[in-house]
Amino acid sequence: MKRFLTLAFGILSMCLAAYSQTPTYLTKTYKPTEQVGYEVKPSVGIQGGETWKNAFTLWEAGEVTFNLDGKYENISFVMAPQHRQIFKDPNIVLIHADGRTIFDSPVKTDDLPRHITLNVNGVKSLKFSLVDKGMILAFCEVALWTKGQKVHNLENRYKLDGKKKMLFRDLKPYYLSTS
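Residues numbered from 1 in each chain as written. Predicted model: local features only at pLDDT ≥ 70, side-chain atom pairs only at ≥ 80, totals over all residues. Heavy atoms only, no water.

**Things to note about the nonpolar core**
Judged by nonpolar contacts, the single largest core of 29 residues is most densely connected at Leu26, Phe56, Ile75, Phe77, Met79, Phe128 and Phe139. Of all the secondary structure elements, the ones that give two or more residues to this core are β3 (51–67), β4 (74–81), β5 (91–97), β6 (100–107), β7 (114–119), β8 (125–130) and β9 (136–145). Not counting chain neighbours up to four residues away, the residues in contact with Phe139 comprise Asn54, Ala55, Phe56, Leu58, Phe77, Val78, Met79, Val93 and Phe128. Judged by nonpolar contacts, the second largest core, of eight residues, contains Val44, Val78, Ala80 and Cys140. (Core = buried A, V, L, I, M, F, W, Y, C linked by side-chain atoms within 4.5 Å. Buried < 20%, exposed > 50% of the residue type's maximum accessible area, 1.4 Å probe, protein only. Helix = DSSP H or I, 4+ residues; strand = E, 2+ residues; numbered from the N terminus. Contact = heavy atoms within 4.5 Å.)

**Topic: the packing of aromatic side chains**
Counting across every chain of the model gives ten aromatic pairs. Seen from their ring centres, Tyr38 and Phe56 are 5.4 Å apart, and the 50° between their planes marks the pair as tilted. Taken together, the residues span a long stretch of sequence, with Tyr38 in strand β2 (residues 34–45) and Phe56 in strand β3 at a distance of 18 residues. Comparing Tyr38 with Phe56, the two get one shared label, buried. Ring centres of Phe56 and Phe66 lie 6.2 Å apart, and the angle between their planes is 55°; on these two criteria the pair is classed as tilted. Across the pair, exposure class does not vary: Phe56 and Phe66 are buried alike. Every member of this aromatic cluster is reached through a ring pair, and the members are Tyr38, Phe56, Phe66, Phe77, Phe128 and Phe139. (Phe/Tyr/Trp six-rings, centres within 6.5 Å; stacked < 30°, edge-to-face > 60°.)

**A closer look at the confidence of the model for the protein chain**
Per-chain confidence: the protein chain averages 82 in pLDDT, with 72% of residues scoring 70 or above. The weakest mean pLDDT in the protein chain belongs to helix α1 (residues 2–20) at 51; the strongest belongs to β8 at 97. Below pLDDT 50 for its whole length, residues 12–19 participates in one contact with residues either more than four positions away or in separate chains. (pLDDT = per-residue confidence, 0-100.)

**Observations concerning the side chain of Gln149**
Secondary-structure assignment places Gln149 in the segment after β9. Overall, Gln149 belongs to the buried group, its relative accessible area being 14%.

Rendered as structure tokens:
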């Protein structure tokens, strides 16, 4: 009986550890309190040809606000222009936490996807916005993390593993012009 209880406790501990590392996805859990030029996407293709899940896009000086109730410590996401679009360049993306700016960065047509992690400890209201019109910007794998959870690093999603790679078959072009 003691052996069974030890085994059951070990399995339960592993399950809890795995569960505790699963993030809360923003678009699956929260509805916006305010939105303009915002669209939820189950998956989205971004500049460079990659496709990501759990995403939303902002377009035409769009903005979206979520009420997080101060439950999370970090937010992580991949940000890039949506694939195959022609838009005005550059634009500026802002993220405000309870009215203060926590992220302010220019975004250009040919920007590489960026993995971003921000501290949102105790934040109740989180607002994403684009300053100017003429761009569709994707926020992918938008995950919220509670205290003690380890943020997944998505920067090296396609690590080279030492095996031979072929251009175009294995490594897709980052940018392809048809003109």
